[in-house]
Amino acid sequence: MLRSLRLTTAIVLLMIVPLVLAACSTTGGKKAAQAGNNVAAGHANTKHYTIAMITHASPGDTFWDKIRNGANAAAAKDNITLKYSNNDDPTKQAALITDAINSHVDGIAVTDPNPQALCPTIKQAVAAGIPVVMFNAGFANWQQCGAMSYFGQDETIAGIAAGQRMAKAGAKHVLCVVQTQGQIQLEERCAGVVKGFGTAGTVTKIYVNGTDNSAVLSSITAKLTQDKSIDAVITLGAPYALITLQAETAAHSTAKVYTFDTNAQLVAKIKSGQVQWAVDQQPFLQGYLSVDSLWLYLVNGNVIGGGQTVLTGPSFIDSSNIAKIAVYAAAGNR
Amino acid sequence: MTQTAEAPVAPPPRADERVGRKSPLARMLARPEAGAIAGAIVIYIFFFIIAPPFRSAASFSSVLYVTSTYGLMATPIALLMIGGEFDLSAGVAVTSSALCASLFSYEFTTNAWVGVLVALALSLLIGFINGWLVIKTGIPSFLITLGMFFMLQGINIALTQTITNQVSSPDISTLQGFSSAQKVFASSFTIGGVNVRISIIYWIVFVIIATWILLRTRVGNWIFSAGGNPVSARAVGVPVARVKIGLFMAVGFMAWFTGMHTLFLFNTIQSAQGIGNEFVYIIAAVVGGCLLTGGYGSAVGAAIGALIFGMVNQGIVYAGWNPNWFQFFVGALLLGAILLNTYIRRRAEASI
Amino acid sequence: MSTPAQDPPGGRHRATADAPSAGNGNGGVPLVKLINAGKRYGAVIALHDINLEVGAREVTCVLGDNGAGKSTLIKIIAGLHQPSSGTYEVEGTPVRFSSPREALERGIATVYQDLAVVALMPVWRNFFLGNEVGKGLRMDIPAMKKMCKDELLAMGIDLRDVDQPIGTLSGGERQCVAISRAVHFGAKVLILDEPTAALGVKQSGVVLKYIIQARERGLGVIFITHNPHHAYPVGDRFMLLNRGASIGNFEKGQITRDELTGLMAGGAELEQLSHELESEGGAAAEIGRSMEADVEELGITGQHDAGTDAASAPARQEGSSHP
């Protein structure tokens, strides 16, 4: 039987070959996507540098893909080798920063979701003569940590803006869906929503297991079924907005869907009106500016921002500007 | 065989006075599923009382959906545990299969069904490798599949990132064959106003098939013996190695099926998905009466174990409890179910 | 029978090079015959010059203490290993088994010490393990349960419930199930590996009963044990193993139980030991002398006189365990 098992597997594999040759799809797929483009901007002939980018991305969080795309685009333009590493555990992220210092990189771009754990190590990098810029997280005290510039958005401000817009749209009971426990920016967003929503009604928070789509779907469906008074749902990541749409069908809910951050599929939903708007902090820009600003410092001594935060958001992507954005989103950059 | 006399000088049969008659109730309680059924009833009544939204048919459909996403994998895992082995890579294997189908058909712009077939071949291969390594090296399957778990986890994320520059799989909804595959693997229908997902039906069908194989076929006999006492089984001619490899490949097959359901329901797969689920499958099987040491258990029991997990998972949300307590409640309820299971079985074996 | 033998050099036993010829009830051809069989593992000689045979309706007992080579012998007959020298014949034709399955197909069934049963599974599932009855994939469960019950009944056990896990049966009953399983599936030769080793007196008696049952049903039984008191009542032939060699092949009438015990207990060695101690002198000599006296009294000198069967010597007790 073992021989026939091997035989069966071999047959199955052999079947694949002709199928593959015969069964190409005329729609969709990579061929279609390659019509889109990168933000390519030529190639500088300045000295070659190495820059380390260290983030707190959790494995599988698609938001960071856009930051990396931006960083890669800038690195390609500036003749820079980009070394990217990430860990959502602050102590391990600190260890990665130390690795970068010991590798004598020319610049460090870092996120700081946990200043107590990370600031000391960042200060060591500065003391070793490595220029540091911060982005995406660490809004409150990036200057004390020794960074030159900060690129990002104030999550609280973004949350307030979102809450205010939802109140103006007439929502009475908002459900804020949080996909990971213990991440400061996510908590700040929901807290901002509560503030911005103010007296217009109530905001309920729900935690879901962000790495398991089925669990997310079921939890949101259950919540919408349990509480019929929910008329607005705001998610903190684009994939979760998409799942919320599926949950609403199952729960027969008519709540309006809003979200932070976008991706290519979400843009289509904004176009069709299923999602009202997305709060965009332009992650591509954060990655791009982080690398580019270090390059400018290294080749020309420039510092961007004058000691102030360089805001990349919030901006709202809605039906009014969706057409243009859709093209960039399709390329994975918005 | 030469017999010169017909049943010669057979001593008069002596009924064994130590074997008493078991009442039908005691027989039922001695079944492996008994504790799980009792636990499930208790939990259902519990949430029925404290969570009004739990009572509706629509909510129960949602409970059954969560149950089916765990139950589809808990079934082959239960069979594997009865056969005396573990598979800790089962959770990420589902994601590997889904990613394989998605990335293959996207990168080569093929019909979605081509990706489906390639993923099937890959999943069966992973199962075969797991089984073959366990048999050839004699190292406990716990360790072999733990290694496979880490490897698949890394491959899932790293390969996806290398190929697509992203940590989730690309959008394949525009490929030809997607909608037909979606109908097969991830459709839903309405019964009396209630939305029912097709995975529930598939789950029930697979549980029935697995139970039939286990109890009514000779392969089932071999599975029990391979787990209960593989040395004895080999001695009487049971092909233990083939049985075990076959069981690992069955886990691979169901990982493929579950992966296809997930892929065609959500279109994109997060490459870090699935981690942690392998323990849910094992817990569901143990709650359903499977011994960790093998040789005893039932597929129906594992199905009920998955149902318990689904009810707890959704019931907590319906009850409006603080979600931070979720992990604690799951652990406590499961511990309770296992203790109840063991208690009932001991009582049943002691009673006459 | 020959006259009382002079002590051959090197031992006080009458060793015969060939086994007495076998084969009543089968036209004279023994079911299993080993001729000068031997087994070596590298430099280790586990067995050498073994002669053994068993015919239909016969019980051949293989006796020996631990380390005598019994388990190697079983493995050769059962087909797990092949002999490195000598011949292994089944029903007159030389064979070379490459797996236990092949031996099983020739009708040579082994009941191992651990019985090859799965404790958690019901009796009927154990009975048919590896030989399930059914059409295609499906098993015919009612038929199997009935067959199992009937077979056990024929061996003298009435199990009301063949669904109970076999682990709940007593040791003797489990042996019975294992034996009747082998008998049912057409075994011609049954090899029993120390079936009474872990059992109490009453249970052992039960097992001996089943051995006789099997013999009466026409099988040849190879009964391996280190207990001569169990072997003697049921055996038609006896072979003694010691350190990988045969130290005697006897038929029933050729040896008494005490002589058998004596050969096994190494009466010859005890006597030599007592002489050693006596030659030491002093306290050791005391012990040596009392040891020699015990050996004389118990009659385990290892000396075997053909003419002194039932009539002579003091400390002989006739056992009561005839079935």
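Q: Can you help me understand the overall build of chain C in this one?
A: Counting its regular elements, chain C contains ten helices and 13 strands. Sequence-distant contacts, at least 24 apart, represent 70% of the contacts inside chain C between residues at least 6 apart.

Q: Is there a simple way to think about the overall build of chain A in this case?
A: Scanning chain A for helices and strands turns up 13 helices and twelve strands. Taking all 334 residues of chain A together, the buried fraction comes to 51%. A sequence separation of at least 24 residues applies to 74% of the contacts in chain A between residues at least 6 apart.

Q: Can you walk me through the domain arrangement of chain C in this structure?
A: Interface size is commonly expressed as the accessible surface area that is lost when the partners come together. You can read the domains of chain C as domain 1 (32-254) and domain 2 (255-323). The interface is formed by 16 residues belonging to domain 1 of chain C together with ten residues belonging to domain 2 of chain C.

Q: Sorry, what's going on with the pairing of strand β6 (residues 108-111) of chain C here?
A: If a strand is regular, its side chains alternate between the two faces of the sheet. Residue and element names in this part refer to chain C. A two-sided burial pattern is seen for β6, the buried positions comprising Ile-108 and Thr-110 on one face and Ala-109 and Val-111 on the other. Sheet topology places β6 next to strand β10 (residues 189-193); four bridges connect them, and they run parallel. Note on β10: the bridge partner recorded for Ile-108 is Val-189.

Q: Explain the environment of Ile-211 of chain C here, please?
A: Residues and elements named next belong to chain C. Position of Ile-211 among the secondary structure elements: in helix α6 (residues 201-216). Taking C-alpha positions, Ile-211 is 9.8 Å from Met-155, a pair spaced 56 residues apart along the chain. When sequence neighbours within four positions are dropped, the list of residues in contact with Ile-211 reads Val-59, Leu-192, Val-221, Phe-223 and Val-234.

Q: How should I be thinking about unusual backbone geometry in this particular structure?
A: For residues other than glycine, phi is negative in most cases, and the peptide bonds are mostly trans. A cis amide bond links Gly-313 of chain A to the next residue, Pro-314 of chain A, at an omega of 5 degrees. A positive phi angle, close to 60 degrees, is found at Arg-57 of chain C, a residue other than glycine. One can find Arg-57 of chain C in the loop between β2 (44-54) and β3 (58-64). Its 21 C-beta neighbours within 10 Å are what place Arg-57 of chain C among the buried residues. A positive phi angle is found at Glu-91 of chain C, which is not glycine, with a value near 50 degrees. Its location among the elements puts Glu-91 of chain C in the loop between β4 (85-90) and β5 (93-94). You can call Glu-91 of chain C partly exposed: it has 19 C-beta atoms within 10 Å.

Q: It is not clear to me how the nonpolar core should be interpreted in this structure. Could you clarify?
A: One broad trend across soluble globular proteins is that nonpolar side chains are buried collectively. Core analysis: the largest hydrophobic core is formed by 196 residues, its most contacted members being Ile-77, Ala-284 and Ala-285 of chain B together with Leu-190 of chain C. Here this core takes 17 residues from helix α11 (residues 240-266) of chain B, the largest share from any one element. Two domains each provide a minimum of three residues to this core, namely domain 1 (32-254) and domain 2 (255-323) of chain C. Every residue in contact with Ile-77 of chain B, bar those within four places of it in the chain, is listed here: Asp-87, Ala-90, Val-251, Tyr-281, Ile-282 and Ala-285 of chain B. Counting 52 residues, the second-largest nonpolar core is a separate cluster that includes Phe-197, Ala-215, Val-233 and Phe-260 of chain A.

Q: Sorry, what's going on with the interface of chain B and chain A here?
A: Taken together, the contact between chain B and chain A spans 46 residues of the former and 42 residues of the latter. Looking at the side of chain B that touches chain A, the elements that each hand over two or more residues are α3 (57-82), α4 (90-107), α5 (112-137), α11 and α13 (299-318) of chain B.

Q: Help me out: how do you make sense of the packing of α4 of chain B against helix α6 (residues 141-164) of chain B in this one?
A: Any two packed helices are characterised by the angle at which their axes cross and by the distance between the axes. Residue and element names in this part refer to chain B. The interhelical angle for the contact between α4 and α6, taken along N-to-C directions, is 25 degrees, at an axis separation of 10 Å. Relative to α6, α4 is oriented roughly parallel. Seen from above, α4 lies across α6 with left-handed handedness. Judged by residue contacts, Val-92, Ala-93, Thr-95, Ser-96, Leu-99, Leu-103 and Glu-107 of α4 engage Phe-149, Leu-152, Gln-153, Ile-155, Asn-156, Thr-160 and Ile-163 from α6. Here the residues of the contact of α4 with α6 are counted per class, giving eight nonpolar, five polar and one charged.

Q: Could you clarify how one ought to interpret the sheet that holds strand β11 (residues 309-311) of chain A in this entry?
A: Backbone-to-backbone hydrogen bonds pair the strands of a sheet. The strands run either parallel or antiparallel. Residue and element names in this part refer to chain A. Overall, parallel pairing links the six strands, which are arranged β2-β1-β3-β4-β5-β11 in an open sheet. Two strands in the sheet have a free side with no partner beyond their single neighbour: β2 (80-86) and β11. Adjacent strand axes in the sheet meet at a mean angle of 20 degrees when their direction is disregarded. When strand β4 (residues 132-135) meets strand β5 (residues 150-152), the two strands line up parallel, connected through two bridges. Looking across to β5, one finds that Phe-135 is bridged to Phe-151. Helix α4 (residues 90-102) contacts β1 (49-55), β2 and β3 (107-110) of the sheet and is inclined by roughly 175 degrees relative to β1.

Q: Sorry if this is basic, but what is going on with the pairing of β4 of chain C here?
A: Residue and element names in this part refer to chain C. Pairing of strand β1 (residues 32-41) with β4 involves five bridges; the strand directions are antiparallel. Opposite Val-32, over in β4, you have Val-90 as the bridge partner. Of the strand pairs in this sheet, β4 and β5 are connected by two bridges, and their pairing is antiparallel. In the strand pairing of β5, Val-90 is matched with Thr-93.

Q: Would you explain the sheet that holds strand β7 (residues 202-207) of chain A in this entry?
A: Residue and element names in this part refer to chain A. Ordered by their spatial adjacency, six strands build an open sheet running β7-β6-β8-β9-β10-β12, and the pairing between neighbours is mixed. The open sheet terminates on both sides in strands that have one partner only, identified here as β7 and β12 (315-318). On average, adjacent strands in this sheet sit at an angle of 20 degrees to one another, irrespective of strand direction. Here strand β8 (residues 232-235) pairs with strand β9 (residues 256-260) via four bridges, running parallel. Its bridge partner lying in β9, Thr-235 is registered against Thr-259. Against the sheet, helix α8 (residues 184-197) touches β6 (173-178), β7, β8 and β9, its axis set at about 170 degrees to β6.

Q: I tried to follow the packing of α4 of chain B against α5 of chain B on my own but got confused; where do I start?
A: All names here are of chain B. Two numbers describe how α4 lies on α5: the axes approach to 8 Å, and their chain directions differ by 145 degrees. Crossing handedness for the pair α4 and α5: right-handed. Taking contact as the criterion, the partners of Ala-93, Ser-96, Ser-97, Cys-100, Ala-101, Ser-102, Phe-104 and Ser-105 in α4 are, on α5, Ala-112, Val-114, Gly-115, Val-116, Val-118, Ala-119, Leu-122, Ser-123 and Ile-126.

Q: Honestly, α3 of chain B in this entry has me stumped. Any pointers?
A: Within an α-helix, residues lying three or four positions from one another point in the same direction, as the helix has 3.6 residues per turn. In α3 of chain B, a bend of some 35 degrees at Gly-71 of chain B exceeds every other bend along the element. At the C-terminal side of α3 of chain B, Gly-84 of chain B shows a positive phi close to 95 degrees.

Q: Any chance you could explain the domain arrangement of chain A here in plain terms?
A: Residue and element names in this part refer to chain A. Parsing chain A into structural domains produces domain 1 (49-153 + 283-303) and domain 2 (155-280). Relative to domain 2, the C-alpha centre of domain 1 lies at a distance of 29 Å. Contact residues are listed per partner, giving seven residues for domain 1 and twelve residues for domain 2. Grouping the constituent residues of the side of domain 1 that touches domain 2 by class yields three nonpolar, four polar and no charged.

Q: Can you help me understand helix α12 (residues 283-300) of chain A in this one?
A: Here α12 of chain A spans 25 Å end to end across 18 residues, near enough to the 26 Å set by a 1.5 Å rise per residue. Gly-301 of chain A sits one or two residues past α12 of chain A and shows a positive phi near 65 degrees.

Q: Help me out: how do you make sense of the confidence of the model for chain C in this one?
A: Do not read the fine detail of predicted coordinates wherever pLDDT is low. Residue and element names in this part refer to chain C. Here chain C averages 78 in pLDDT, while 82% of its residues score no lower than 70. The least confident element of chain C, judged by mean pLDDT, is helix α9 (residues 267-280) at 75; the most confident is helix α3 (residues 123-127) at 93. Note that residues 302-323 has pLDDT below 50 and, in this model, 33 contacts with residues that lie over four places away or in other chains. With a pTM of 0.79, the predicted complex shows an ipTM of 0.82.

Q: Would you take a moment to explain the environment of Val-90 of chain C for this structure?
A: Residue and element names in this part refer to chain C. On the secondary structure map, Val-90 appears in strand β4. What makes Val-90 buried here is the crowd of 20 C-beta atoms within 10 Å. The sequence separation of Val-90 and Glu-132 amounts to 42 residues, and the corresponding C-alpha distance is 27 Å. Sequence-distant contacts of Val-90, defined by excluding residues within four places in its chain, comprise Leu-31, Val-32, Val-95 and Arg-106.

Thresholds applied
Residues numbered from 1 in each chain as written. Chains lettered and ligands numbered in written order. Predicted model: local features only at pLDDT ≥ 70, side-chain atom pairs only at ≥ 80, totals over all residues. Helix = DSSP H or I, 4+ residues; strand = E, 2+ residues; numbered from the N terminus. Contact = placed C-beta atoms within 7 Å. Buried ≥ 20, exposed ≤ 12 C-beta atoms within 10 Å, placed from the backbone. Domains from an automatic or database assignment. Pairing = 2+ DSSP bridges. Core = buried A, V, L, I, M, F, W, Y, C linked by C-beta atoms within 7 Å. Axes fitted to C-alpha atoms, helices over the stretch in contact; angles between N-to-C directions. Parallel < 35°, antiparallel > 145°, perpendicular 65-115°, else oblique. Left-handed = near helix turned anticlockwise from the far one by under 90°. Nonpolar A, V, L, I, M, F, W, Y, C, P; charged D, E, K, R; others polar. Bend = angle between axes of the 7 residues up to and from the residue. Expected span 1.5 Å × (residues − 1). pLDDT = per-residue confidence, 0-100.

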